[in-house]
Every structure is written in C-alpha cells, then in structure tokens.
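# Descriptive structure summary
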Amino acid sequence: SFALSLTAIVAGSKLYANWLGIRDSVFRYENQLNMWHSEPTIGFINKPNFLGFSFGNIRVQTNEHGFRGTRPSPVARTNGVRRIVGLGDSVMWGTGVNEENSILGFLEKQLNHQSSYEVINAGVVGYSTYQELLYLQKHVLPLRPDIVLVNYCENDLLPTEDPFKNIRGIYVQYLNQLLESHDLTLAPEEKSDIEQLIRVFESAERVWDAVKELRAKSPNQFSLAWKVFVLIPMARMAELSREAGVRLIYVFI
C-alpha cells in the first residue's frame, strides 16, 4: 500500500505540474538539454529545429540555422527591412526567459514601433569571445546583417569545458597561430606565457581552474589572457565586420 501510495503521489505530482505548465521538472539549464551538437572548427553550435524546456516552462527552440525561435532566417534579405544579429553567450541567448523577453526579443519589439527591423538571436549558451569570432565569420556575416551586437561577460574569457572533447584542440591551434603570426608583435615573456597556456590546454584536468591559478600567481598572465582570449578576437571581429560593411557594436554586461 505504501508503494502504491508513493507511485500515485509521484504520478499525480507530474500531472499537476503539467496542468500548471511546468514541462521541465528538474529546472535545468539549456546546456543540460542536449541542445548542442559538435562542430569541428568552433567546438559546438545549437542544433537546428530543436525544441525543449528549461527552468520549468521556458521554451527552448531553434530554427533551421540553430538561431533562437521558430521564424525562418533566409539568407536573402527583405527590401526595406534592417537586419540585426545578436551574437554572444547565455546572456544574449536569454537564459531563464522566453524568447520575447530576451534582450533581442525586447529590442525587436521596441524597434518595430518605429520602423521595420528583423532581429536574429544567434547566441549560443557557453560561448567564449574566440568562439564568437569563429561563429561570426562562418554563420553570421553570410547573412549580410546591417548591425551585429556582440555581448561580453566576464566568463567569456574561456569556453564551457569541452563538451565534445574538441575545444581544447581548437584553442591549442589558435595559440600556436599567435606564436607563428608575423602580424602580431609579442614580447619574449608573452611568448613564454602563451606556451604555458598551451600546456594548460593540453594537460590540465580543468582548464578554467588552471588558468585562474596562473592569473592569481602573475599579473602578467592576467593581462596576457585578456589580450589573447578577448582583445585580439574582438579586434579581428571588428576587422571582418568593417570589410563586410557591417556595423559591429559590443555590449559589455
């Protein structure tokens, strides 16, 4: 009788939760919904045409490109409509709120009181600044936007810890490119610190913790990490956007 009562309570609770509109009983984050898939040059991207729920009843849905929402995002532009693309991490995506209450959903609603705008949410939960650079180049600029908004948060220094076991290799390749670049002037101590970062990405059990330890031990490592993981990718994003005739706006949150 105890087992039957317990089963009835659990089943009844689930039915009651569904009646209240609660779809996600454990209130998970988006990155726990299996909404990413592996991408060899960026690490991971949103799955296209994905549907799930997080934080109880927050709809997590993507279109054919993996952008947030159900509205298609054709490459072809509509005459007279300005295209804005938001790129960033969980803040730009809108973790914890529905699509219309995200930064970009609110922006589109406000702008369209005055004129015709198309706002595309290309945020990916967990992205770093360097991943945003790669995503901009491969998936955003081909859409020929008028404006790209890129958000930066303090935790964008490094990516989410290697969900598909490929991000470390991507970062090692990037850091080696910096060492070999003829366009970038690096002091000898900066080269040595970059080599140390490469060793961290190749061997550390947890990259975030290892980099934090390096930054705590040396102010120079803090400055170098900011330079190679944030400033250089941002400068490259600005260069690519300028070449494409796109206005790039950084939003620091």
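As the structure is a prediction and not an experimental result, all values here were calculated from the model.

### What about the side chain of Asp 156?
Take Asp 156: it is sitting in the loop between strand S7 (147-152) and helix H5 (167-180). At 12 Å, Arg 215 is the nearest oppositely charged side chain to Asp 156, a buried residue that forms no salt bridge. Here the side chain of Asp 156 touches Cys 153 through a polar contact of 2.9 Å, landing on its backbone nitrogen. Contacts of Asp 156, omitting those with residues within four sequence positions, involve Asp 89, Tyr 127, Ser 128, Thr 129, Glu 132 and Asn 151.

### A short note on unusual backbone geometry
For Phe 27, which is not glycine, the phi dihedral falls at a positive 55 degrees. Relative to the assigned elements, Phe 27 resides in the loop between helix H1 (2-20) and strand S1 (36-39). Judged by its relative accessible area of 45%, Phe 27 falls in the partly exposed class. One non-glycine residue, Lys 165, lies in the positive phi region at around 60 degrees. If you trace the backbone, Lys 165 turns up in the loop between S7 and H5. Residue classification places Lys 165 among the exposed positions, given a relative accessible area of 72%.

### Section: empty space enclosed by the protein
Going through the model one piece at a time under the given rule, you end up with 1 cavity of 30 Å³ or more. Here the largest cavity defines a volume of roughly 70 Å³. The wall of the largest cavity is formed by Leu 158, Pro 159, Thr 160, Glu 161, Asp 162, Ile 167, Arg 168, Phe 201, Val 207 and Trp 208. For the lining of the largest cavity, the secondary structure elements donating two or more residues are H5 and helix H7 (207-217). Its residues assigned to classes, the lining of the largest cavity comprises 6 nonpolar, 1 polar and 3 charged.

Conventions used here
Residues numbered from 1 in each chain as written. Predicted model: local features only at pLDDT ≥ 70, side-chain atom pairs only at ≥ 80, totals over all residues. Heavy atoms only, no water. Helix = DSSP H or I, 4+ residues; strand = E, 2+ residues; numbered from the N terminus. Buried < 20%, exposed > 50% of the residue type's maximum accessible area, 1.4 Å probe, protein only. Lys, Arg positive; Asp, Glu negative; His and termini not counted. Salt bridge = Lys/Arg side-chain N within 4 Å of Asp/Glu carboxyl O. Polar contact = N/O pair within 3.5 Å; in protein donor to acceptor, adjacent residues only side chain to side chain. Contact = heavy atoms within 4.5 Å. 1 Å grid on protein atoms, 1.4 Å probe; cavity = no way out; pocket = protein on both sides within 12 Å on 5 of 7 lines; lining within 4 Å. Points joined across faces, edges and corners; volume = space filled by probe spheres on them. Nonpolar A, V, L, I, M, F, W, Y, C, P; charged D, E, K, R; others polar.

Remember that the coordinates give geometry; whether it matters functionally is a separate question.
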